[in-house]
Amino acid sequence: MLKDLGPTNRDVTDSQPYIGAGLEHTVWEKGVRVVRDVVGTPIRTGDLEIGDLINAEPETIFEVDENGDPLLEGVPLQIAKSKAAVVVVRMDPDENNPAPGRENWAVDGILCYSKICTHVGCPISLYEKKTHHLLCPCHQSTFDLADAAKVVFGPAARPLPQLPLMVDADGYLVAQSDFKEPVGPSYWERDSQQSTSK
Amino acid sequence: MSIDTSKVASTNTTAATAKKPNPVGAAAEWADDRLGLATLAKKNLRKVFPDHWSFMLGEIALWSFVVLLLSGVFLTLWFTPSMGETTYQGSYAQLRGVGMSEAFASTLKLSFDVRGGLLMRQVHHWSAMLFVAAMMVHLLRVFFTGAHRKPRELNWVVGALLLLLGTLEGFTGYSLPDDLLSGTGIRAADGFVKSQPVIGTYMSFLLFGGEFPGDQIIPRLYIIHVLLIPGLLLALISAHMVLLVYHKHTQWPGPGRTEQNVVGFPMLPVYAAKAGGFFFCVFGVSALMGGLLSINPIWKYGPYDPSKVTAGSQPDWYMGWPDGALRIMPNIEGHFWHHTWSWNVFLPIIVLPMLLFTIVLVLPFIEAWITGDKRDHHLLQRPRNAPGRTATMVALMTLYAVFWIAGGNDIIAIRLHLSINQITYFNRAAVFVLPVVAYLITKRWCISLQRKDRDDLLHGYETGIIMRSPEGGYSERHLPLSTGRAFRLASRDRDPDVFGELPAGPDANGVEPPSGIGSRLAGVRHRLRKMMYADNIQPPTIDELEQGHHHAEHEHELQVPMEGHAADGHQFDGHHLVEGEKLRADD
């Protein structure tokens, strides 16, 4: 009887009723452009100076189909935004200390991390240029973006997932793939040991 | 013995009849014939309520609930509990053309386009704050004065449930406008739900009707907020009131007040007028706050967007303490058997509140178990006369306060220019240390006050008048307490003697002491009893009191020659005026 309150994670993951359905997926995929979150314009590496931080989204959420209707609207759009929001930062490549296996995830010192806190899911927003620290305004978890977004303070237990970046033929920042691990708060089924090596 | 019949009237041979039928009486009779109200009214209109300012605290909660019902019904006429998307076209220019949910749009409409809408929204929100606050202060009053003891333990349980439901009602209420702040709160709540082992993800998907945020959560919270919880609240408030009437109200000890009576004013006319008037006071204060003090200006936050957040996000005050626990919790996460155990979220936000609530719920039963007191209590205790209990509640209050302050650590850091890291580390320690410190200080403080009461009873109160004896020695003059005050101080129970060892063999009735787990429990209980009563000062016995009076009389006799003379000591306590007084007899 309670089953009809909503589909389960497995239901939506298996049937994919909308793009990026399920806790382990987002709308990011190979070649999706990283665009500014409000206006939806793509970003070139030259647009960012060292120390800059941009709030960004996948271009998918701004795309329209051949009839001019948005690709994503209503609930799927909200779900996409709640998982795919990212921050793009540029730092001196010498200061960045990438995690093993992530050496080629940055482009000229430009890194992209999930904006959704790994604690309980607030969008993270407060960036301190000098230390590369990103602070969550809800419960003050602090992540060091120059050190694979490891937690340096606060109640969050996991680093922010990183989105591997590359540049497309037109010189715009695009994703190499989806996130390699689920974004947002931890949950029971999340197999953390497996997903970090995925 | 003869009876004098000369005073008996001899003229009333016919029955008395009213000249004209009284319409009120006729209506009352009509109703009584059908509803049997007279019997009910005869008893209840004369029901007596004792008077004390602290008995109004629960009444504030009751009346603010009435204000909540009234203002809430008004809000439902315009609020649309829907996450359907719409584009705002109302009169608040800054948000015109912005896409938002219908819930947010209708809240804007209520705030800017409905006459009195903003006032009602703010009255509703302020009285919600007041409702929870009044319940908590009322709970403290009840516990500090021992009003939770037998036979009122179950009413305590009902009250604790009301507090829990009131808090949930507040959370579901401030989440409804679907603004950026409350949406962030729901976002965090989703994280809380997901942190539960095994069932977390299922619970989240069932609650949100799929993946967060979905389009179900606002309508579901709405029906919980306007029907489910208010219904439960109403039922429990009724039960709370019925039990109050059944048990009768507690009263402070005083001359003429016993465990068997209630001294106070009758329902009609005094108490009904007072309580009715007090409703208008609460309503008036809520209306003033709603009219003058801005609260939850959702148009400043904007509609919810899962990719945005405001800095300094704070929940309503009563949700502050679990939020604080969440903030100071170390970031422990477990990974076992390919599963994630989110201790960093699950412990502070799910386990801790449930644990603390359970502790509050069972406090009266724990206390009764420790004291072994099975008597009915209708006379209140002063907090100082139960130092162990008072200190326990102060320790719990301190724990609450540390969590609550931790919930504002970002605001404290910004306003006071402190390091947020250091505040957090301090609070991590304080949450364990400060309640213990508070317990010890409160306990000693209560015992000092007990000692003072005992001294006042035995030796009179300190007048502050310094007397110089002919030999040149100085002493402070003590005067006996007034009878009423002495009665109030003296009328308290002596604590049971618990400082012996537990008997090893059978007691006087041949009952064997418990063995096994029972004996360990008995040992724990014995230690708790010792802790509860340790170092308490007992009220003086009758003998001690008489000796004290005798001593006072003797002292008084020595001072009799000075009575009525200058500097007899009464210039300063209001016994007579000082105008025209000469300081020395030979002035």
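Refer to the structure presented above.
Parameters and conventions
Along each chain, the written sequence defines residue order, and numbers are assigned to residues from 1. Both sets of labels track the order of writing: A upward for chains, 1 upward for ligands. Where local features are concerned, this predicted model is filtered to residues with pLDDT of at least 70; where side-chain atom pairs are given and counted, the filter is 80 or more; whole-chain, interface and lining totals use all residues. To obtain the side-chain values, all non-hydrogen atoms of the structure were included, while hydrogens and water were left out. Put simply, DSSP H or I for four residues or longer makes a helix, DSSP E for two residues or longer makes a strand, and each gets a number counted from the N terminus. Burial classification: accessible surface area is computed with a 1.4 Å probe over protein chains only, and a residue below 20% of its type maximum counts as buried, one above 50% as exposed, and the rest as partly exposed. In this description, strands pair whenever DSSP reports at least two bridges between them. All axes are obtained by fitting lines to C-alpha atoms, using only the stretch in contact for helices, and the reported angles, taken between N-to-C directions, cover 0 to 180 degrees. Only four residue types enter the charge count: Lys and Arg as positive, Asp and Glu as negative, with His and the chain ends excluded. Salt bridges are identified by distance alone: a Lys or Arg side-chain nitrogen within 4 Å of an Asp or Glu carboxyl oxygen. Residues adjacent in sequence count toward polar contacts only when both atoms are side-chain atoms; beyond that, a polar contact is any pair of N or O atoms within 3.5 Å, and within protein one must be able to donate a hydrogen and the other to accept it. In what follows, a contact means two residues having at least one pair of non-hydrogen atoms within 4.5 Å. Grouping buried Ala, Val, Leu, Ile, Met, Phe, Trp, Tyr and Cys residues that are joined through side-chain atoms within 4.5 Å yields what is termed a nonpolar core. Reported orientations rely on four angle classes, namely roughly parallel under 35 degrees, roughly antiparallel over 145, roughly perpendicular from 65 to 115, and oblique for the rest. For a crossing to be left-handed, the near helix must be turned anticlockwise from the far one by less than a right angle; the clockwise case is right-handed. The residue classification treats Ala, Val, Leu, Ile, Met, Phe, Trp, Tyr, Cys and Pro as nonpolar and Asp, Glu, Lys and Arg as charged. All others, Gly included, are polar.

(A) Region of the structure containing unusual backbone geometry. The omega angle of the peptide bond from K150(B) to P151(B) is 10°, so this bond is cis rather than trans. The omega angle of the peptide bond from L268(B) to P269(B) is 0°, so this bond is cis rather than trans. When you line up the elements, P269(B) lands in helix α10 (residues 267-292). Positive phi, close to 60°, is recorded for A149(A), a residue that is not glycine. You can see A149(A) is positioned in the loop between β7 (142-144) and β8 (150-153). According to the relative accessible area criterion, A149(A) is buried, its value standing at 0%.

(B) Region of interest: the sheet that holds strand β4 (residues 110-114) of chain A. Residue and element names in this part refer to chain A. Taken together, four strands build an open sheet; the order of strands is β1-β2-β3-β4 and the sheet is antiparallel. The strands lining the two open edges of the sheet, one partner per strand, are β1 (34-36) and β4. Neighbour to neighbour, the strand axes of the sheet diverge by 40° on average, direction disregarded. Looking at chain direction, strand β2 (residues 53-58) and strand β3 (residues 86-90) are connected through four bridges and run antiparallel. Paired with N55 across the strands is V87, a residue of β3.

(C) Quick peek at the side chain of R149(B). Residues and elements named next belong to chain B. Among the secondary structure elements, R149 is positioned in the loop between α5 (117-144) and α6 (153-175). No salt bridge is formed by the buried R149; its nearest oppositely charged neighbour, D373, is found at 5.0 Å. Within the structure, R149 has its side chain in polar contact with the backbone oxygen of G146 (distance 2.8 Å). Within the structure, the side chain of R149 is placed 3.4 Å from the side chain of H377, a separation counted as a polar contact. The contact partners of R149, leaving out residues within four places of it in the chain, are E367, H377, L379, L380, Q381 and R389.

(D) Broad picture of the nonpolar core. All names here are of chain B. Grouped together as the largest cluster of nonpolar side chains are 45 residues, with contacts concentrated most on F131, W156, L162, F192, L233 and M393. The dominant element in this core, judged by the number of residues it contributes, is α5, at eleven residues. Those residues in contact with M393 that lie beyond four places of it in its chain are L139, L140, F143, F144, W156 and L363.

(E) View of the packing of helix α14 (residues 387-406) of chain B against helix α16 (residues 420-459) of chain B. Residues and elements named next belong to chain B. Where α14 contacts α16, the axes come no closer than 8 Å and their chain directions differ by 150°. Our classification of the angle between α14 and α16 gives roughly antiparallel. Regarding α14 and α16, the two cross each other, and that crossing is right-handed. The class makeup of the residues in the contact of α14 with α16 is 17 nonpolar, seven polar and one charged.

(F) The sheet that holds β8(A), seen in detail. All names here are of chain A. Here we have four strands laid out as an open sheet, ordered β5-β6-β7-β8, and antiparallel in their pairing. Taken across any chain shown, the strands that pair with only one partner, and hence form the sheet edges, are β5 (126-128) and β8. Averaged over all neighbouring strand pairs, the angle between strand axes comes to 30°, with direction disregarded. Alignment of β7 against β8, held across three bridges, turns out to be antiparallel. Considered in β8, the bridge of F143 is made with V151.

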